[in-house]
Amino acid sequence: MSADVRPATAGGPIRVLVADDQPIVLRGFAAVLDAQPDITVVGTAPDGAQAVLLARDTRPDVALLDIRMPEMGGIEAARRILETEATRIIMITTFDLDDYVYDALTAGASGFLLKDVRANDLAEAVRTVARGDALLAPKITRRLIAEFARQRRPRADGGSLTPREVEVLRLIAQGLSNAEIAAALVVTEHTVKTHVARLLAKLGLRDRTQAVIHAYETGLIVPRP
């Protein structure tokens with residue numbers, strides 16, 4: 001199966017690139033997403049190498065990448081795409097306890113989906129990540145991130161967060177939404193959004209998924225034994 005690309009459009013729907021070496025999955029995901037009024041599939045690829053080239057040509061808002069593909073896997077493809085594009089990455093995996101989950105997150109992925117995801121959940125996942133929110137499939141929980149983080153040496157926190165920003169980061173790492181954080185801190189949701197935006201900018205993080213990893217790696221959140 002050869003790579004497929006569509007011409008870019010100005011504005012409009014969420015632009016999505018899909019890469020998977022299984023033709024049935026590739027065609028199925030593309031068909032489901034293209035049927036959505038607010039989503040358009042601008043390219044499909046059977047491997048990571050072609051996905052990287054397509055991303056440069058189409059500049060998608062979101063790229064769905066299979067973790068395990070020939071020529072180049074999804075993790076390396078994600079790294080290369082994010083070197084030049086402001087694309088949100090969703091990794092596609094068959095197993096909820098994939099050995100490469102943590103590596104994919106640290107490579108810049110905004111979240112994960114299992115290949116058996118339902119059509120409605122697939123479309124909503126693209127919308128979620130396009131908004132800049134983190135995405136983890138139900139079976140891929142914070143406990144899984146903690147397990148992988150436990151295996152890595154903690155790194156120093158190079159940011160200069162205020163005490164309130166640290167507090168917000170801890171709550172993000174615990175899986176709370178902006179509304180839940182606002183309720184916990186007795187502030188407005190707008191205030192929470194401001195804190196989140198500032199701490200992400202200070203720490204050079206793309207989204208909330210990366211914030212969770214940072215919290216574990218710097219010891220703000222200690223994985224339970």
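Residues numbered from 1 in each chain as written. Predicted model: local features only at pLDDT ≥ 70, side-chain atom pairs only at ≥ 80, totals over all residues. Heavy atoms only, no water.

## A closer look at the pattern of salt bridges
For step 1, the next point in the chain: In the structure shown here, the tally under the stated rule is 11 salt bridges.
For step 2, the next point in the chain: Arg-59 is the salt-bridge partner of Glu-85, the closest N and O atoms lying 3.1 Å from each other. Of the two residues, Glu-85 is situated in the loop between helix H3 (74-84) and strand S5 (88-93) and Arg-59 in the loop between helix H2 (48-58) and strand S4 (62-66); the sequence distance between them amounts to 26 residues.
For step 3, the next point in the chain: On the basis of relative accessibility, which here comes to 11%, the residue Glu-85 falls in the buried class.
For step 4, the next point in the chain: A salt bridge links Asp-66 to Lys-115, with the nearest nitrogen and oxygen atoms 3.2 Å apart. In this pair, Asp-66 sits in strand S4 while Lys-115 sits in the loop between strand S6 (111-114) and helix H5 (119-130), placing the two residues 49 residues apart along the sequence.
For step 5, the next point in the chain: Lys-115 sits in the buried class, given a relative accessible area of 17%.
For step 6, the next point in the chain: Salt bridges linked by common partners bring Asp-38, Glu-124, Arg-127 and Arg-131 together as one network. (Salt bridge = Lys/Arg side-chain N within 4 Å of Asp/Glu carboxyl O. Helix = DSSP H or I, 4+ residues; strand = E, 2+ residues; numbered from the N terminus. Buried < 20%, exposed > 50% of the residue type's maximum accessible area, 1.4 Å probe, protein only.)

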